[in-house]
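Observations on the three-dimensional arrangement
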Amino acid sequence: CGFQLRGAQPLPFDSLYVGADLTTPFGAALRQQIAAGADTRVVADAGEADARLEILRNNRSRDILSLTGAGRVREYQLTQTVVFRVIDRGGNELLPPSSVTVRREYNFDDDQIIAREQEEALLIRDMEEDIVQQMLRRMAAIRS
Amino acid sequence: PDLIRSPAPRLVPQTPAVEPSVERVVDVPVEVRPSSVLPAVEPRQGAATASPVGGATVTDTAGQVAAPRSQSAEAAGVGDDPVTMSETAPAPRSPVAASPLERGATQVSALRIVGVRAVELVAEGEAELVRDSRVLTADRVIYNELTDEATADGNVRLSQEDDWLIGDWARLIVHEWVGELDRPRYVFSRQSQARPGVAPRTIVGTGGADVVYFEGENRYRMVNATWTTCEPEDPDWFIRAADLELDYDREVGVARGATLVFKDTPILWWPRMSFPLAEQRQSGFLVPTIGVSNKTGFDLAVPYYWNIAPNYDATITPRLMGRRGLQLGGEYRYLSQNYSGEIRGEWLPKDRVTGESRSLGAIQHDHRITRRLRASLDYNWVSDDDYFEDLSSRIAVASRVNLLRQGRMSYQGDWWSVQGLLEGYQTLDGFGPYRRLPQLLLSAYRADLPAGLAFGFSGEYVDFKHKDSAFAEGRRTHLRPQLSLPIRTAGYFLTPRVSLNHTRYDLGRSLVGGRDSITRTVPVFSIDSGMFFERDSAFLGQSYRQTLEPRLFYVRVPYREQRDLPIFDSGRFDFGFAQLFSENRYVGVDRIGDANELTVAVTTRFIEQSSGAERLRATLAQKYYFDEQRVTLNELGKPAVEDARVRRRTDVLAAVSGRVTQAVSVDSLWRYDPFDGETQRFNFALRYNPEVGRVLNVGYRYARELLDGREGLKDVDFSAQWPLGNRWYGVGRITRSIKENRVTEAVAGVEYLSTCGCWTFRTAAHRFATNPDRVTNALFFQLELTGLGGIGPSPVNLLTRSVPGYGKINEPMSDRYFGTD
C-alpha cells in the first residue's frame, strides 16, 4: 500500500547548538536524539554552530480534569508546550517560532499521592520524548 | 541689529543647502526656510550667502554656547516658487521625512520670517521649527538662538517621534525639552516590552490638562490632567488627577488626587496612584477584585503591588470578606541568577463565623548552588483543615487535601545523579500519605559501553513514617541495575533489556502477621521493538507524510510472593499507553508484577509535508498475557483492593487525537473489553475553534471502574466561548456527573469588549462541589482597563482553565503569535 521503511532524515545543518539546559531530562533527551539522529553534530559553543536551536518557552501545567462529587480531584491533565525556533549564524530564522503541545491525563487519589506523583513523573518523561520527536520532525522539514 | 530676511521666493531644494562655513564653531546649524509663497520684502542682510543650488541663504554666526547640540545659529531663508506653491500650498507640515537634516540641525520655516541674528527669529504664519525628530508648529514661533528657547503662539503643536501635544501657547527650550504648554491635548505612544511568547503591543496614552510642564526628554508633569488609553475623543474611561506625572524613562505615571472615571461616572479615588505607561511592572494599587461567594460573602481585595527592585517584588493584599472579616495577605517574590522563590502569608485575625484566628503560610525556594548542585524547599501550612474550603473561591486551591512540606537537594554528575529528600504533608482530609524521612536516590546511566551496551542503575533508600498506627512503618532499600542493548536506525529500533530488582525491607511497625525483615529479588527481562514506515498521502487537499509504526513489547518477570510487603508508595498504573509499554504494571516498587506478556501496537501519524507538524495520530494496541496474574496490590492482614486478572488478553486500547482541520481537533481514547463486549473506558473531546473568541468543546468521560476498585465515572461536559453580538461574548462550562446525578462544576459568564478596545468587562459565576453535599458558589467581576497592566486573580484564570481554547478577547493576537501548532 505504498509504505516504505523510513530512511534517514538528516537535519539541514552540519552542526547545531542546543539552547536548552542539558542537565535537565528534557535538554538531555533533546541533545541525545539530535546527536543520535543523523549527521548533525551538537556543539557546546553557540559561536561554532551552523544553526542554533532556541527554546523560547517551555511551560508545563497540571490542571484539574474532573472532580469527584465530593469535590476532590479525580483526574489531572498535564499539558506541556514548547515554543522553539532555529536561527542561523546570521540570526536569520530558519524555522520561525513553532510550538508543540502534548497532553497526558491520569487518575488521581489524594490517599496515594506519592504513587501518583511517580506516575506523573513517568508521564512527564513520556511527554518530553513525544515533544522531542515532534521537534525533530519540524526541524527536518526545514528547507535549507 | 542684524536682520535676517528671507530672500525672494525660490524653489525649495529637497536637500537643504547648508553650506559649511569656516566661521561655524559648532556643527549645529539652524536653517530657516519659509515654506510658502509670500515674498519677503526686506533685503537680506548680515552674513547671509546665497546658495548656488536652490537659492538657500545661509547665515553663520559665531556660535558659542555651553550646550554643544543646540546653538550656533545659521539662518537660511529659502522661498518657494510662487507658481508651484500657490497650487499646492500649504506645504506638507512634516519636513522630517523630506529633508534629511543633519543631526542636531534646526530648521525654521514660516510664511514670513523676521530675525535678529543670533538673538531672535520671529516666524509667522504656519511657522515650523524642526530639529531631529522634534517638530514645533504654531501660528507664530519666536526662536532665540542663544538660549535655544522657542515661544509659540496659536495652534501650537509639538511632536517628538510618535508623541505629540497640541495647545494654545508654549515656551520650550528645544534641546532640553524643558518648558510648558498651555491647555494641552496629548498623545504618547510606547511599545510594551517584548516578552518571550507575547507580541509587543503599542500602548497609546492620551489626555489633556490645564498646563503641561516639560521636564526633560521623556518626562511631563501636568496640572488638572486626564490620562486614558482610549480614543482621545470622548474616552470611555480616564484617570483625572490634580497633578499627573508621566515619566517615560521609568515608564510610570503618577497621579495625585486621582479619580478613575468610567462612562462619566467616578468609580474610584486614590490620593496617590501610580500606573504603568507601557504595561510593565509598577508599584501601586492594582485594580481591586470584587466577588461574592456563599463562603465568604461579599469579597473585596485591594492588592498593593510593590516593585521593590527588578528582581524582587511584593504584593500586599487587604481583603474584606463580608461574612468573615478582614484578612491580610502578603506575597514576596525574588529572583536571582542562582535562586528564586516566593514567600506567602495570609492572616485573618478573627473569623466572624468560627470566632478563631486563621492563617496560611507558604515558602518556596529553589537554589542553584553550583551548576550541578541544587536545593529546594517547599513548605506549606494552614491553621485548620477547612481553611481552603472556607476562604478560597478557587477550585484548584479549595480541592487541596495534602499540603507539601519538602526539602530537596540534588547533584547532577555527567552520567549519574544523587538526590536527598525530606518530605511530609499537612493532611486536611483522610489518613494522609506516608512521610519520607528521608529518601535518598542514586541513579546512573551510561550509553557508551563496548558493543553498544548501555548500563543503568537506580538505588533508593527510604525511611517511611506514618502518623496512623494502622500503617506499617519501616526502611526500604531498593537496588536496580540494568543492562540494555539499544539498536536504533531511522527505520527501526530494537532494545533488549535485563534488570534485577533487589529490595530489602526493615520494618519498625510491620503488617499484622508479617515479618520485620524481608528481602525480595526479581529479575526482569524485556524487549522493545518497532519499525517506521512512511508514504506520501493527501487529505483534505493537504499533502501529508503518513507513517505506519508497528511496535512489539515483550516482558518477562517471574513470580515472587509479595503479599507480606507493605504498600508504602505503590499503586496501579492508570491503564493507558504509557502503562502498556512499562515493565511493571505498578508505579512504585512495593510490587513488581509477574509478567509474561506481549503488547502489540500500531500507530499512524499524518505529518504535514511542508512544516513537519503532526496533525493527526491514531493508535491501536492490545496486550496478550501468556500466564495468569498472581501478584496483586493486596497486603497481608488487609482487605483486598485488587482482583487478579484471569484472562489471557487485555482490552483493546484505541486512541485518535489531533487537529483534523484548522478549526476542529479531537482527542479520544477507547478501551474495550472484547471478552465481555464491554467498554471499560471512553474519553472523547471535540473542539471547534475557528478563531480566537470562538470555541466550542464537547467532552464525554466514562470509566467503568477507577483505580483500585474505586467507583467509576460518567461525566459529560460542555464548554464554550462565543460571540453573542454587539461585542458581547458568552463563556460557560457545565460538567455533569451522570453517575452521581449531580453538576460537579458550572461556570457561566459574559464578557464585553468595548468598541474602542480600551476596556473589557468580565463577570463569571462559578459553582463547584467541595463535598458530597456542599458547594461553593462564587461570583467574580472584572473591569480591565487596557494599559493599566495585569490585574489580579480575575475570572480569566478560571475561564482559561474551564474552557479549553479560551481566548482573551482583548488580546486577539496572543494566541496567534506562535500559532503554528
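In every chain, residue numbers begin from 1 and rise along the written sequence. Written order determines the labels here, with chains lettered from A and ligands numbered from 1. Note on the predicted model: pLDDT of at least 70 is required for a residue's local features to be given, and 80 or more for side-chain atom pairs to be given and counted; whole-chain, interface and lining totals, by contrast, use all residues. For the side-chain quantities, the full set of heavy atoms in the structure was used; hydrogens and water were omitted.

Moving on, we get to the overall build of chain A. Broken down by element type, chain A carries 2 helices and 6 strands. Across chain A, helices and strands are ordered from the amino to the carboxyl terminus as β-β-α-β-β-β-β-α. Considered along the principal axes of its C-alpha atoms, chain A spans approximately 55 × 45 × 25 Å. Each residue's exposure class comes from its accessible area (1.4 Å probe, protein chains only) as a fraction of the maximum for that residue type: buried when under 20%, exposed when over 50%, partly exposed otherwise. Expressed as a percentage of its 144 residues, the buried residues of chain A come to 53%. Residue contacts follow a heavy-atom distance rule, with two residues in contact if any of their heavy atoms lie within 4.5 Å. At a minimum sequence separation of 6, the contacts of chain A that also span at least 24 residues come to 64%. Summed over all atoms, the accessible surface of chain A reaches about 6,100 Å², with 44% contributed by carbon and sulfur. Secondary structure follows DSSP: runs of H or I at least 4 residues long count as helices, runs of E at least 2 residues long count as strands, and numbering of each begins at the N terminus. Using the Shrake-Rupley algorithm and a 1.4 Å probe, accessible areas are obtained, with residue cover drawn only from the displayed protein chains.

Take the sheet that holds strand S4 (residues 51–67) of chain A next. All names here are of chain A. Pairing between strands is defined by DSSP: at least two bridges between them are needed. One open sheet holds the 5 strands; their spatial order is S3-S2-S4-S5-S6, and the pairing between them is mixed. The sheet terminates laterally at strand S3 (41–43) and strand S6 (93–107), the two strands that pair on one side only. Each neighbouring strand pair of the sheet contributes to a mean axis angle of 30°, computed without reference to strand direction. Here 15 bridges tie S4 to strand S5 (residues 73–88), and the two strands are oriented antiparallel to one another. Along S5, the bridge assignment pairs Ser-61 with Thr-79. The angle between two axes is taken between their N-to-C directions and runs from 0 to 180 degrees, where each axis is a line fitted to C-alpha atoms and a helix contributes only its stretch in contact. Packing against the sheet, helix H2 (residues 113–140) makes contact with strand S2 (15–19), S4, S5 and S6, and its axis sits at approximately 155° to S6.

Each pair of aromatic rings is reported with the distance of its centres and the angle of its planes. Stacked, edge-to-face and tilted labels apply to pairs of Phe, Tyr and Trp rings (six-membered ring for Trp) whose centres lie within 6.5 Å, assigned for plane angles under 30 degrees, over 60, and everything in between, in that order. The full count for this structure, using the stated rule, is 29 aromatic pairs over all chains. Here Tyr-76 of chain A and Phe-108 of chain A contribute two aromatic rings whose centre-to-centre distance is 4.9 Å and whose plane-to-plane angle is 70°, an arrangement assigned as edge-to-face. On the criterion of sequence distance, the pair formed by Tyr-76 of chain A in strand S5 and Phe-108 of chain A in the loop between S6 and H2 is long-range, its members being 32 residues apart. The rule is short: NZ of Lys or CZ of Arg within 6 Å of the ring centre and within 35 degrees of the ring normal puts a charge over the ring. In this arrangement the basic side chain of Lys-638 of chain B is found over the ring face of Phe-471 of chain B, its NZ or CZ atom lying 4.8 Å from the centre.

Here the nonpolar core consists of buried residues drawn from Ala, Val, Leu, Ile, Met, Phe, Trp, Tyr and Cys, with membership extended through side-chain atoms lying within 4.5 Å. Ranked by internal contacts, the top residues of the largest apolar core, which has 51 residues, are Leu-30, Ile-34, Leu-53, Met-135 and Met-139 of chain A. Elements with a contribution of two residues or more to this core: S2, helix H1 (25–37), S4, S5, S6 and H2 of chain A together with strand S31 (454–465) and strand S34 (492–509) of chain B. At 10 residues, the largest contribution of residues to this core is made by H2 of chain A. Ignoring any residue separated from it by four or fewer positions in sequence, one finds Leu-53 of chain A in contact with Leu-16, Tyr-17, Val-18, Gly-19, Leu-30, Ile-34, Phe-84, Arg-85, Val-86, Met-135 and Met-139 of chain A. Core analysis: the second largest hydrophobic core is formed by 50 residues, Tyr-220, Trp-237, Leu-260 and Phe-262 of chain B among them.

On to the environment of Asn-218 of chain B. Residue and element names in this part refer to chain B. For Asn-218, the location among the structural elements is in the loop between strand S14 (211–215) and strand S15 (219–227). Between the alpha carbons of Asn-218 and Arg-368 there is a distance of 39 Å; along the sequence they are 150 residues apart. Discounting residues that sit within four places of it in the chain, Asn-218 has contacts with Gln-160, Arg-190, Leu-246, Asp-247, Tyr-248 and Asp-249. Polar contacts here mean pairs of N or O atoms no more than 3.5 Å apart (in protein, one a potential hydrogen donor and the other a potential acceptor; neighbouring residues in sequence count only if both atoms are side-chain atoms). At 2.9 Å, the side chain of Asn-218 forms a polar contact with the side chain of Asp-249.

Another point: the interface of chain B and chain A. Every contact between the two is made by 76 residues of chain B and, on the other side, 58 residues of chain A. The term buried area means the drop in 1.4 Å probe accessible area that two parts suffer when joined, counted for both and summed. Approximately 5,500 Å² of surface area, both sides summed, lies buried where chain B meets chain A, with 49% of it carried by carbon and sulfur atoms. Two residues, Glu-614 of chain B and Arg-137 of chain A, come together in a salt bridge whose shortest N-O distance is 3.0 Å. Remark: the boundary between chain B and chain A carries 14 residue pairs in polar contact (both at pLDDT 80 or more). Pairing of strand S1 (residues 4–5) of chain A with strand S36 (residues 533–539) of chain B involves 2 bridges; the strand directions are antiparallel. What sits directly across from Leu-5 of chain A, in S36 of chain B, is Phe-533 of chain B. Salt bridge, as used here: a side-chain nitrogen of Lys or Arg that lies within 4 Å of a carboxyl oxygen of Asp or Glu.

Residues and elements named next belong to chain B. A cluster of nonpolar side chains, namely Trp-306, Ile-308, Tyr-312, Ile-316, Leu-328, Tyr-332, Ile-343, Trp-347, Ile-363, Leu-377, Tyr-379 and Trp-381, defines an oily patch on the protein surface of about 1,100 Å² accessible area. With 3 residues, strand S27 (residues 373–382) is the single largest residue contributor to the nonpolar patch. Mapped onto the secondary structure, Tyr-332 falls in strand S24 (residues 325–335). Of the residues examined, Tyr-332 reaches a relative accessible area of 30% and is grouped as partly exposed. Patch construction takes residues with relative accessible area above 30% that form no salt bridge. Like charges are linked within 9 Å, and nonpolar side chains (Val, Leu, Ile, Met, Phe, Trp, Tyr) are linked within 5 Å.

This next bit is on helix H6 (residues 795–802) of chain B. At 3.6 residues per turn, the α-helix brings residues three or four places apart onto the same side. Judged by how many residues are buried, H6 of chain B sits mostly within the fold: 6 of 8 residues are covered. By the burial criterion, the buried members of H6 of chain B are Pro-795, Val-796, Leu-798, Leu-799, Arg-801 and Ser-802 of chain B.

Turning to the pairing of strand S16 (residues 237–247) of chain B, a few remarks are in order. Residue and element names in this part refer to chain B. With respect to burial, S16 is a largely interior element, 9 of its 11 residues being buried. Pairing of S15 with S16 involves 8 bridges; the strand directions are antiparallel. In the strand pairing of S16, Ala-225 is matched with Ala-241. One ladder, built from 10 bridges, connects S16 with strand S17 (residues 252–262); its direction is antiparallel. Paired with Arg-240 across the two strands is Thr-259, which belongs to S17. Between S16 and S17, which pair antiparallel one after the other, the connecting turn spans 4 residues, and Glu-251 there sits at a positive phi close to 55°.

Okay, a negative patch on the surface next. Residue and element names in this part refer to chain B. Charge counting follows a simple rule: Lys and Arg are positive, Asp and Glu are negative, and His as well as the terminal groups are ignored. Charged side chains are reduced to one point each, which is NZ for Lys, CZ for Arg, CG for Asp and CD for Glu. Negative charge collects at one region of the surface, where Glu-231, Glu-233, Asp-234 and Asp-264 lie side by side. The residue Asp-264 is located in the loop between S17 and strand S18 (265–276) in this model. Residue class for Asp-264 comes out exposed when judged on its relative accessible area of 63%.

The next thing to look at is the side chain of Glu-54 of chain A. Residues and elements named next belong to chain A. Relative to the helices and strands, Glu-54 is located in strand S4. Of note is the side chain of Glu-54, whose polar atom sits 3.5 Å from the side chain of Arg-52. Setting aside anything within four residues of it in sequence, one finds Glu-54 in contact with Val-83, Phe-84, Arg-85 and Ile-87.

Should pLDDT be low for a region, the predicted coordinates there are not to be read in detail. Residue and element names in this part refer to chain B. Per-residue confidence from the predictor is reported as pLDDT, a score between 0 and 100. Within chain B, residue pLDDT values average 79, and 81% of them lie at 70 or more. Under a pLDDT of 50 for its full length, residues 1–99 has, in the predicted model, 227 contacts with residues more than four places off or in other chains. Overall fold confidence for the complex sits at a pTM of 0.75, while the interface term, ipTM, reaches 0.91.

With that out of the way, let us pick up the pattern of salt bridges. Considering all chains together, one arrives at 70 salt bridges over all chains under this definition. In this structure, the salt-bridge partner of Arg-112 of chain B is Glu-124 of chain B, at a minimum N-O distance of 2.7 Å. Here the residue Arg-112 of chain B occupies a position in strand S6 (residues 112–116), and Glu-124 of chain B occupies one in strand S7 (residues 120–131), the gap between them amounting to 12 residues. Assessed through its relative accessible area of 38%, Arg-112 of chain B is described here as partly exposed. Overall, Glu-124 of chain B belongs to the partly exposed group, its relative accessible area being 23%. In this structure, Arg-171 of chain B engages Glu-149 of chain B in a salt bridge whose closest nitrogen and oxygen atoms are separated by 3.9 Å. You can see Arg-171 of chain B sitting in strand S10 (residues 163–173) and its partner Glu-149 of chain B sitting in strand S9 (residues 149–160), a full 22 residues away along the chain. Judged by its relative accessible area of 30%, Arg-171 of chain B is partly exposed. By relative accessible area, Glu-149 of chain B is classed as partly exposed at 25%. Through salt bridges with shared partners, a single network forms among Arg-104, Asp-126, Asp-130 and Arg-137 of chain A together with Glu-549, Arg-605, Glu-614 and Arg-617 of chain B.

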